[in-house]
Amino acid sequence: MSGLVKFLRRPIASTLVAVLVGLLIAILLVLVTGYDPLQTVATLVHGVFGSPKYITNVIIKATPILLTGVAVSFAFRTGLFNIGAEGQYILGTIVATIVGVSVNLPAVLQIPLVVLSGALGGALLGALIGFLKARLGIHEVITSIMTNWIMLYLCNFVVSSEAFHNPNSNTAYPINPSGYTMILPQWKVSDEGIEYLLQHPWLRDVLLKTDLNVGFLVAVFVAIVVGILLKRTKLGYQLRAVGLNKDAARFSGIAVERSVVLCMLISGGICGLAGALNITGINPHTLSTLVAQEGYGFNGLSVAFIAGCSTVGCIPSSLFFSALMYGGMTVQQVVGVPSEIINIMIGIIVFFTAIPSMAPWIADAIERRRSRENKNLAQETKGEEA
Amino acid sequence: MGKAAITRRSLLAAAGLGGLSLIACGGSRGSGKAGSGGRKVAMVTNVGGINDQGFCQLSWDGLKRLRDEKGYDVSYIESKLDSDYATNIDKAIDYGAEYVWSIGFAMADAAAFEAKINPDVNVKFGIVDANTSGAASLTGVLFKAQEPSFVVGYIAGRTTKKDRVGFVGGIASDNIYAFEFGYMAGVDYAAKELGKRIEVERQYAESFNDNAKGKSIAQKMYSGGADIVFHAAGSVGIGVIEAAEESGNFAIGVDMDQSYLSPTSVLTSAVKRVDQALFDLTPKLLDGEIAGGTDIILGLADGDYLGIPEHHEHIDDKVYQDALAVIEKIKAKEIEPPATEEAYSAFTKSIGIV
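Fair warning: this is a prediction, and the values are worked out from it, not measured in the lab.

A. Examining the overall build of chain A more closely. Along its length, chain A carries 17 helices and zero strands. Each principal axis of the C-alpha distribution contributes one length, and for chain A these read about 95 × 60 × 35 Å. With 386 residues in all, chain A has 53% of them scored as buried. For chain A, restricting intrachain contacts to residue pairs at least 6 apart in sequence, the fraction spanning at least 24 positions comes to 76%. Carbon and sulfur atoms provide 69% of the accessible area of chain A, an area that totals close to 17,400 Å². Each charge class in chain A was averaged separately, 24 positive and 19 negative side chains, and the resulting centres sit 12 Å apart.

Written as structure tokens, this is what we have:
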């Protein structure tokens, strides 16, 4: 019992409790709507782990939200709320597509060029938001929400522009294949490639049936580097100091304005990187007309909060999130449970992780109850003695 | 004592929960999937989703009828993003579907790719509104949208009082051009009959989902003097119909009878019954009665797939009867509604309008 109490006092416990509560409420919802909860859970698990290609897809879908999650966590740790991750992500996709379509170099040059230009796009947009905050005092939440919509319409503008519109579709032209970051992108769709892979079902599942790409490795690398930057470098110390107390930081000689711009630059750059990697790494390798925000940035917020704004914590958190989203689609198809229930579950989990003191509170309650029991016990034994 | 009390309380709680779950399970047993065990057919929606008030919803209606009337085991997967198309088709295959429908031309590449990489699986594919691109197991289903568009254009031409009508398109593509030029030809045909000129104002919304944009385009058309606007623009058209209702003008719906959106303002609709097509074609394609691997192009003459709704409270009865006569002429190939700009200019020349 005291082990449990000790565990509940650790920061990760709050997250786990939130996840558990979210799952329980989702199961209740499934029950209430009249579906079989056991089958639902089994299908969810099967939809995530049932085949190598499912696992691969979960990893692919985790990549962008891991990056936006890291970006949001990073900004949050330095005192900024980057709700504009979505817009910076979109600008990353726009710039990467424009560069990827217009330029055609050998892959060794093309891939870094496309990916880095996308990241640069996001970084500049982030820096603009930071600049508006640092110089003019406009709150970053307002500017970044507005830039989200500006970027959405910029994307639609580019898609429908004469130079980039792919006729008879709702997309722009796909980028030149030299910019693809999948594993063996050309070979696997060639006739020999398909023939070879048909003989090797396992490889076919992983290579041909998914867009397996190098993005996740990049994202993990970024998560670790940003974590080190924050915790182990002078710059990180300065940024965190600004986040904790702006006035104290200024008083101790830190250039607060510069630090705000820099922080948003880095955060935006990571979001732009997420966008660029999605363009190079997954089909259809291009922009499509957006109706609403696709949610890569907003899901990044959820990933960050589930991870308690730890950049490395975003790695498991993004995988978990992605597994729920991807497995949720299978649940909807096989069991018939509306995929909205999965969204409600994620919402509940995020809601409960927002209460950081929940697990310690449970620990307190257990301790109180135990001390009361002890007292009762003591009284009873006293009574018996008497 | 204290300990015992707690245990009792938690026992009660557990029993309560258990009871609740039993009740709920009992409820669900009755509503088990109808027709499971039948032939498995799946569809994958485009990003419009299953409740798009149009295309995907209609397709799902068709599959639901297969379930209810023929005991098929049907399911759908909603795509949230363009990048989901291929993986979702793949999921449908894993589910054991014998036939997988992809809904909408945006999915053409994904459907062709999946057909190409799954030659060893016992599954056939169909795509609505797009060509097959050559894979042997993939069948394209296309509609001659120009034909019902011609008919509603004819009705618009006969009904307009201001000699000015409008057209709002979604995203410019060959599919939507068929609506546009069919409609214009229909308007011209009516104008020729009446011996006058009718202007057609046209604009594309560059979207299939932006209601607000559809509304503002239509408002501009109505205030510019048009009194009837036809849309072929998915849910952008919901905005068009709203604008018609607010300004007291008429709109013409598309895909299904859209008069339910505004009984007072929807003149008629260019109906394109994807549901009927999927209901009729799926069994034939499954059993090989239709070989598949090619395009199936459905026109007015091919059955109950295209047309206009029967009710016509806003249309003069004479005009409605004439419209039915036009339908017969199209079926008999006396009129061939144009689907492209070139065909349209040839058509206007042939009826003597320049």
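That shown, we press on.
B. Quick look at a nonpolar patch on the surface. Residues and elements named next belong to chain A. Side chains of Ile27, Val41, Val45, Phe49, Ile55 and Ile59 sit close together on the surface and give an oily, nonpolar patch of about 470 Å² of accessible area. With three residues, the top contributor of residues to the nonpolar patch is helix α3 (residues 37–49). You can see isoleucine 55 is positioned in helix α4 (residues 52–77).

C. Molecular detail of unusual backbone geometry. A cis amide bond links asparagine 283 of chain A with the next residue in sequence, proline 284 of chain A, at an omega value of 0°. Relative to the elements of secondary structure, proline 284 of chain A occurs in the loop between α13 (256–281) and α14 (296–306). Of note in the backbone geometry, aspartate 255 of chain B takes a positive phi value of approximately 70° without being a glycine. Looking at where aspartate 255 of chain B falls in the secondary structure, it is placed in strand β9 (residues 250–255).

D. Fine view of the domain arrangement of chain A. Residues and elements named next belong to chain A. The assigned domain composition of chain A is domain 1 (1–33 + 338–374) and domain 2 (53–182 + 211–331). Averaged C-alpha coordinates put domain 1 and domain 2 at centres separated by 30 Å. In this complex, domain 1 contributes nine residues to the contact, which on the side of domain 2 involves eight residues. Taken together, the two surfaces of domain 1 and domain 2 that pack against each other cover about 790 Å², and 85% of this comes from carbon and sulfur. A per-residue breakdown of the area domain 1 buries against domain 2 is headed by Ile342, Ile346 and Val350, which together make up 50% of the total. For the pair domain 1 and domain 2, the interface holds zero salt bridges.

E. Looking closely at the domain arrangement of chain B. All names here are of chain B. Along its sequence, chain B is carved into domain 1 (40–143) and domain 2 (146–271 + 307–350). Just the C-alpha atoms count here: the centres of domain 1 and domain 2 sit 29 Å apart. Between domain 1 and domain 2, the residue contacts involve six residues of the former and eight residues of the latter. Carbon and sulfur atoms make up 57% of the area that domain 1 and domain 2 hide from each other, which totals about 670 Å². Where domain 1 packs against domain 2, one counts zero salt bridges. Applying the counting rule to domain 1 against domain 2 returns one residue pair in polar contact (both at pLDDT 80 or more). Class assignment of the residues belonging to the side of domain 1 that touches domain 2 gives a composition of three nonpolar, two polar and one charged.

F. Up close: the pairing of strand β10 (residues 266–272) of chain B. Residue and element names in this part refer to chain B. The element β10 is extensively covered by neighbouring structure, given that seven of its seven residues are classed as buried. The sheet contact formed by β9 and β10 spans five bridges and is parallel. Across the sheet, residue valine 254 finds its bridge partner in β10, namely alanine 270. As defined by bridge partners, β10 adjoins strand β12 (residues 306–307) across two bridges and the pair is classed as antiparallel. The partner of lysine 272 across the bridge, within β12, is leucine 306.

G. Up close: the environment of arginine 197 of chain B. Within the secondary structure layout, arginine 197 of chain B lies in the loop between α6 (174–194) and β7 (199–204). Considered as a pair, arginine 197 of chain B and arginine 164 of chain B are 33 residues apart in the sequence and their alpha carbons are 8.9 Å apart.

H. Quick peek at the side chain of serine 288 of chain A. Tracing the backbone shows serine 288 of chain A in the loop between α13 and α14. We classify serine 288 of chain A as buried; its relative accessible area is 12%. Within polar-contact distance, the side chain of serine 288 of chain A engages the side chain of aspartate 82 of chain B at 2.9 Å.

I. Molecular detail of the pattern of salt bridges. Within the structure shown, the criterion is met by 27 salt bridges over all chains. Among the salt bridges present, the one from lysine 53 of chain A reaches aspartate 94 of chain B, with a minimum N-O distance of 3.0 Å. Of this pair, lysine 53 of chain A sits in helix α4 while aspartate 94 of chain B sits in helix α3 (residues 85–94), on two different chains. Here lysine 53 of chain A falls in the buried class, since its relative accessible area comes to 3%. Linking arginine 67 of chain B and aspartate 68 of chain B is a salt bridge whose minimum nitrogen-to-oxygen distance equals 3.2 Å. What makes aspartate 68 of chain B exposed here is its relative accessible area of 54%. Taken together, the salt bridges that share partners define one network made up of Lys53 and Lys209 of chain A together with Asp90 and Asp94 of chain B.

J. The arrangement of the nonpolar core in detail. Ranked by size, the top nonpolar core spans 84 residues in total, and within it Leu66, Leu67, Ile90 and Leu287 of chain A carry the most contacts. Domain assignment of the residues forming this core places at least three in each of domain 1 (1–33 + 338–374) and domain 2 (53–182 + 211–331) of chain A. Ignoring any residue separated from it by four or fewer positions in sequence, one finds isoleucine 90 of chain A in contact with Asn148, Met151, Leu152, Cys155, Leu290 and Gln293 of chain A. Counting residues in hydrophobic clusters, the runner-up holds 74 residues, among them Tyr76, Tyr204, Ile252 and Tyr305 of chain B.

K. Quick peek at a positive patch on the surface. Residue and element names in this part refer to chain A. A contiguous patch of positive charge on the surface is contributed by Arg368, Arg369, Arg372 and Lys375. The topology assignment puts arginine 369 in helix α17 (residues 358–385). Judged by relative accessible area, which is 36%, arginine 369 ranks as partly exposed.

L. A look at empty space enclosed by the protein. Residues and elements named next belong to chain A. For the structure on display, the rule yields two cavities of 30 Å³ or more. Among the elements of the structure, α5 (85–102) and α13 are those that each provide at least two residues to the lining of the largest cavity. The element contributing the most residues to the lining of the largest cavity is α5, with three residues. Of the residues that constitute the lining of the largest cavity, the class distribution is ten nonpolar, seven polar and two charged. Taken as a whole, the second largest cavity holds about 30 Å³ of empty space.

Rules of the game
Residues numbered from 1 in each chain as written. Chains lettered and ligands numbered in written order. Predicted model: local features only at pLDDT ≥ 70, side-chain atom pairs only at ≥ 80, totals over all residues. Heavy atoms only, no water. Helix = DSSP H or I, 4+ residues; strand = E, 2+ residues; numbered from the N terminus. Buried < 20%, exposed > 50% of the residue type's maximum accessible area, 1.4 Å probe, protein only. Contact = heavy atoms within 4.5 Å. Areas by Shrake-Rupley, 256 points an atom, 1.4 Å probe, with all protein chains shown as cover. Lys, Arg positive; Asp, Glu negative; His and termini not counted. Charge placed at Lys NZ, Arg CZ, Asp CG, Glu CD. Patch = residues over 30% accessible without salt bridge, like charges linked within 9 Å, V, L, I, M, F, W, Y side chains within 5 Å. Salt bridge = Lys/Arg side-chain N within 4 Å of Asp/Glu carboxyl O. Domains from an automatic or database assignment. Buried area = accessible area lost by both parts, 1.4 Å probe. Polar contact = N/O pair within 3.5 Å; in protein donor to acceptor, adjacent residues only side chain to side chain. Nonpolar A, V, L, I, M, F, W, Y, C, P; charged D, E, K, R; others polar. Pairing = 2+ DSSP bridges. Core = buried A, V, L, I, M, F, W, Y, C linked by side-chain atoms within 4.5 Å. 1 Å grid on protein atoms, 1.4 Å probe; cavity = no way out; pocket = protein on both sides within 12 Å on 5 of 7 lines; lining within 4 Å. Points joined across faces, edges and corners; volume = space filled by probe spheres on them.

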